[in-house]
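# Summary of structural features
Chain by chain, the residues run as shown.
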Amino acid sequence: MNIGLLARIEAKPEYADQVQGLLQSALQLAREEEHTVTWFAFRESETTFGVFDTFESEEGRTGHLQGRIAAALMEAAPTMLASPPDIRPVDLLAVKLP
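I will try to describe carefully the structure that is included in this document. Just so you know, these numbers come straight off a predicted model, no measurement behind them.

Turning to the overall build of the chain, a few remarks are in order. Along the chain, the regular secondary structure elements total 3 helices and 4 strands. Seen in sequence order, the chain has helices and strands lined up from the N terminus as β-α-β-β-α-α-β. Counting only C-alpha atoms and orienting by the principal axes, one finds that the chain spans roughly 35 × 25 × 20 Å. Burial status across the chain gives 37% buried among its 98 residues. In the chain, the proportion of contacts linking residues at least 24 apart, taken out of those at least 6 apart, comes to 72%. Accessible area for the chain stands at about 6,100 Å²; split by element, carbon and sulfur atoms hold 55% of it.

Quick look at the structure:
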């Protein structure tokens, strides 16, 4: 795994619990993605969330961006998010896994 995505998600305060639930339910979708090596959803503050995931190839990263998790997030964005998700491609420099 040498590439990833880092997404920052800002929920509208009244939808923070629903955004948390959306991310928690997305775990099963991430498990079903053949090319997603690791996938983490996290919460930074009451309304700020994030996702970090990794891939072996650009094909896997592109497929993920066109997949069901991204579609669900974009569908929820107009209602539940304060702004569009900030999704950035990243190159991994060093990795430690169990």
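Having seen the structure, we can now continue with the description.
With 13 residues, helix H3 (residues 68-80) should reach 18 Å at 1.5 Å per residue; the first-to-last C-alpha distance of 17 Å fits that figure. Turning to H3, its buried residues number three or more, namely Ile69, Leu73, Ala76, Ala77 and Met80. Looking down the long axis of H3, one finds its buried residues gathered within 130° of arc, a one-sided arrangement. The exposed set on the far side of H3, more than 90 degrees from its buried face, consists of Arg68, Glu75 and Pro78. Against strand E1 (3-10), helix H1 (16-32), strand E2 (36-43) and helix H2 (58-65) lie the buried residues of H3.

Once that is clear, we can look at the sheet that holds strand E4 (residues 86-91). Taken in spatial order, the 4 strands line up as E2-E3-E1-E4 in an open sheet, and their pairing is antiparallel. Each edge of the open sheet carries a strand with a single partner, namely E2 and E4. With strand direction ignored, the average angle separating the axes of adjacent strands in the sheet is 15°. Pairing geometry for E2 and strand E3 (residues 48-55), over 7 bridges, is antiparallel. When the bridges of E3 are listed, Thr36 appears paired with Phe55. H1 rests against E1, E2 and E3 of the sheet, and its axis sits at about 165° to E2.

The grouping of Leu65, Met74 and Ile87 at the surface amounts to a nonpolar patch, some 240 Å² of accessible area in total. In this structure, Leu65 sits in helix H2.

Cut-offs and rules
Residues numbered from 1 in each chain as written. Predicted model: local features only at pLDDT ≥ 70, side-chain atom pairs only at ≥ 80, totals over all residues. Heavy atoms only, no water. Helix = DSSP H or I, 4+ residues; strand = E, 2+ residues; numbered from the N terminus. Buried < 20%, exposed > 50% of the residue type's maximum accessible area, 1.4 Å probe, protein only. Contact = heavy atoms within 4.5 Å. Areas by Shrake-Rupley, 256 points an atom, 1.4 Å probe, with all protein chains shown as cover. Expected span 1.5 Å × (residues − 1). Arc of directions from axis to C-beta. Pairing = 2+ DSSP bridges. Axes fitted to C-alpha atoms, helices over the stretch in contact; angles between N-to-C directions. Patch = residues over 30% accessible without salt bridge, like charges linked within 9 Å, V, L, I, M, F, W, Y side chains within 5 Å. Salt bridge = Lys/Arg side-chain N within 4 Å of Asp/Glu carboxyl O.

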